[in-house]
Amino acid sequence: MRKITREALLHIPRSNYCYGYDENTLHIRLRAKKGEVKSVFLRIGDQYIWDELEGGGGNLGAGGKVWISSCDIKMEKELETEYFDYFIAKYNPPTKRSRYSFIINGIDEKLLYTEKYIIELVNKDDEKKLNDISSFFAYSYLNKIDVLKIPSWVKDTVWYQIFPDRFANGDESINPKDTKPWATPPTNDNFMGGDLQGVIDHLDYLKDLGVTGLYFCPITMGHTNHRYDTIDYMKIDPHLGDKKTLKRLVKEAHKRGMKVMLDAVFNHIGYYSKQWQDVIKNKEKSKYKNWFYIKDIDKVDTPLNKIDSKNIPYETFSCVAEMPKLNTENEEVIEYLLEVGKYFIKEFDIDAWRLDVSNEVDHSFWRQFRKEVKNIKPDVYILGEIWHNSLPWLMGDQFDAVMNYPFSDALIKFFCTNEIDEIEFKYRLNDIISNYQMQTIESGFNLLGSHDTTRVLSYCNNNKDKFKLAYLFMFTQLGAPCIYYGDEVGMTGVQTKDCEGQRECMVWDEEKQDKDILTFMKKIISLRKKYSEFKLVNNEWVLAKDNVIIVKKENISIIINNNDFEKTIDLPDYLKDKKVYDLFNEDYINLESKLTLNPYKYLIIKD
């Protein structure tokens, strides 16, 4: 007898396994060991409605015999990962209240899975067990305020990340001292003179590319070119512009249908901020002493050149002495940072905040942050920088989404560096979907590179065809894609300890731009905007074999040969001998029973 592995079954109420998708709809998931379960039925209903009493039956149907409000809903197989199958059901509770269990059909047995036990369903007493809702899972009431509501505009956005010092110099009069000539090899301490006016000057270029959202690394006053070491949160860095410049930038971006997202660095502040300098000067008497986590107040004035990672007398970001960590449990710090978050929305009408090192700031602060900024602008987008599973921040009371680095890691390792095969690639992407609520995936922030990573084309060893496959696939997936500045013209750059190659100056000389890549990027952006199928959650994995994948999204199929040699495949029945529309080349083609794809080539068709 083939038994269902009990310990592999998993369901957790009010998590990614059970949540309100909207104010009327519950999404409920079940996990089972891969290949053991044929079907699952969700048994669900109102805990109060029994027999003919129509709501007066008492808690858990006291005195009732038949749970007349219940129904059995067949769950769909949502996806599979390396070890598990996931099933999902979507349910609209008529009264907002739900108690539920799972009827699981295996190959040789049938189980009832509840909050308190797992039992076999084998005899005439089964009906009694199916009505014993005191042991069932509960979603007691679907309250609107508990539902993670993400701004509707996000899922349609095409983001473009800008590192301000390296994008464009539009006002040389505000250049930092010793500004280097444009295109000088970048280091962690040189400046190139990029500024906000330079962005304004190139907004039409970005609009023509198809960009609808601008994400800026910090623009507030800082000591370094990256400005993650904030000196003054309330002041635009004078080497980038001023309040008028930022207002003009946001206004002009909005005029072109672009949203604006700024970077908030609330985990730490800069060494040269007035707050930290006051601590150095006044030590125990400093009014800012409790703004920080200080280990040895007598040593905070130790010169930077005499501090290494082993003897920093205060908590910092990473082991960087120039970035003392803020105490976001301190009421003065909380008030100050919340005011920063509100100020840029009220004063400049920005549309989103990206939160740096957000996983090292306490949850209580982020809950307050969400309430404060959403009260001012309900459709402001809150994006956290977290590189790992982020569910605790994404349950509706803190962030809307996080930077999807697990997604980028999967794409880089499959398309660019060939470190994983097509099966592991599929499983990794499915893992990400199963880890979150659906609305989080719909409005996630997908990227292939950033100011913190080696550039995509460099990961591809300058192979443009591999680069194209990675970007093509990202633009066919759910979640808002982001282009790191310069990727669209073929920029390269490796991140090392000695050189920040990934932060080179934007290439504006058209003779040095890769026009082939630029044309390709414009095309995939336009396709994403035209075909809503690319924004659907589920990938139907028709084929994943020998580094060839076919992913189906409704009636669109994405076929990719991720090999350095020509590959011929047998087409699935729904495509054999069919006339289909080639979306990329905008023409009808006739398929046969087999298809041959050249090395690192693709076909996107609509049947």
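Refer to the structure printed above.
Thresholds, definitions, all that
Residues numbered from 1 in each chain as written. Predicted model: local features only at pLDDT ≥ 70, side-chain atom pairs only at ≥ 80, totals over all residues. Heavy atoms only, no water. Pairing = 2+ DSSP bridges. Helix = DSSP H or I, 4+ residues; strand = E, 2+ residues; numbered from the N terminus. Axes fitted to C-alpha atoms, helices over the stretch in contact; angles between N-to-C directions. Contact = heavy atoms within 4.5 Å. Parallel < 35°, antiparallel > 145°, perpendicular 65-115°, else oblique. Left-handed = near helix turned anticlockwise from the far one by under 90°. Nonpolar A, V, L, I, M, F, W, Y, C, P; charged D, E, K, R; others polar. Buried < 20%, exposed > 50% of the residue type's maximum accessible area, 1.4 Å probe, protein only. Phe/Tyr/Trp six-rings, centres within 6.5 Å; stacked < 30°, edge-to-face > 60°. Core = buried A, V, L, I, M, F, W, Y, C linked by side-chain atoms within 4.5 Å. Expected span 1.5 Å × (residues − 1). Arc of directions from axis to C-beta.

Draft legend 1. Seen up close, the sheet that holds strand 2 (residues 25-33). On the basis of which strands lie adjacent, the open sheet formed by four strands has the order 1-2-6-5 and antiparallel pairing. Each edge of the open sheet is held by one strand with a lone partner, namely strand 1 (18-22) and strand 5 (76-80). Averaged over neighbouring strand pairs, the angle between their axes works out to 30° when direction is ignored. Pairing of strand 1 with strand 2 involves four bridges; the strand directions are antiparallel. Each bridged residue has a counterpart across the sheet, and for tyrosine 19 the counterpart in strand 2 is histidine 27. On top of the sheet, helix 10 (residues 422-434) reaches strand 2, strand 5 and strand 6 (84-91); it is set at about 125° to strand 5, its chief contact.

Draft legend 2. Local environment of the packing of helix 13 (residues 464-475) against helix 14 (residues 515-530). The N-to-C vectors of helix 13 and helix 14 enclose an angle of 15°; their axes lie 10 Å apart at closest approach. As judged from the angle between their axes, helix 13 and helix 14 are roughly parallel. For the element pair helix 13 and helix 14, the recorded crossing hand is right-handed. In this structure, helix 13 contributes Lys464, Phe467, Lys468, Tyr471, Leu472, Met474 and Phe475 to the contact, and helix 14 contributes Asp516, Ile517, Phe520, Met521, Ile524, Ile525 and Arg528. Each residue belonging to the contact of helix 13 with helix 14 can be placed in one class, and the counts come to 10 nonpolar, no polar and four charged.

Draft legend 3. Inspection of helix 9 (residues 405-416) at higher detail. A large share of helix 9 lies buried, amounting to nine of its 12 residues. Tyr405, Phe407, Ser408, Ala410, Leu411, Ile412, Phe414, Phe415 and Cys416 are the residues of helix 9 that are buried.

Draft legend 4. Expanded view of the packing of aromatic side chains. Tallied over the entire structure, the rule returns 51 aromatic pairs. Relative to phenylalanine 399, the ring of tryptophan 366 has its centre 5.4 Å away and its plane inclined at 70°; by these criteria the two rings are edge-to-face. Taken as a pair, tryptophan 366 in helix 8 (residues 363-376) and phenylalanine 399 in the loop between strand 17 (381-384) and strand 18 (401-402) lie far apart in primary sequence, 33 residues in all. An aromatic cluster is defined as three or more aromatic residues linked by ring pairs; in this entry it consists of Tyr233, Phe266, Tyr288, Trp291, Tyr336, Phe365, Trp366, Phe369 and Phe399.

Draft legend 5. Representation of the nonpolar core in the model. Residues Tyr160, Tyr381, Phe415, Phe425 and Tyr471 are the most contacted members of the largest nonpolar core, which totals 153 residues. When residues of this core are assigned to their parent elements, the largest contribution, 10 residues, is made by helix 7 (residues 331-348). In this structure, phenylalanine 415 is in contact with Phe425, Lys466, Leu469, Ala470, Phe473, Ile549, Ile560 and Asn562, ignoring residues within four places of it in sequence. Grouped together as the second largest cluster of nonpolar side chains are 24 residues, Leu30, Ile44, Leu111 and Leu142 included.

Draft legend 6. Fine view of the packing of helix 9 against helix 13. The contact between helix 9 and helix 13 brings their axes to 9 Å, and the two run at 145°. The chirality of how helix 9 crosses helix 13 is right-handed. Across the interface between the two elements, Phe407, Leu411, Phe415 and Cys416 from helix 9 touch Lys466, Leu469, Ala470, Phe473 and Met474 from helix 13. Tallied by class, residues from the contact of helix 9 with helix 13 come to eight nonpolar, no polar and one charged.

Draft legend 7. Focus on helix 8. Helix length check: helix 8 (14 residues) gives 20 Å between terminal C-alpha atoms against 20 Å at 1.5 Å per residue, within 8%. Of the positions making up helix 8, those classed as buried are Phe365, Trp366, Phe369, Arg370, Val373 and Lys374. Each buried residue of helix 8 sits inside an arc of 145° when the element is viewed along its axis, so together they form one side. More than 90 degrees from the buried face of helix 8, the exposed residues found are Lys371 and Asn375. Against helix 7, strand 16 (352-355) and strand 17 lie the buried residues of helix 8.

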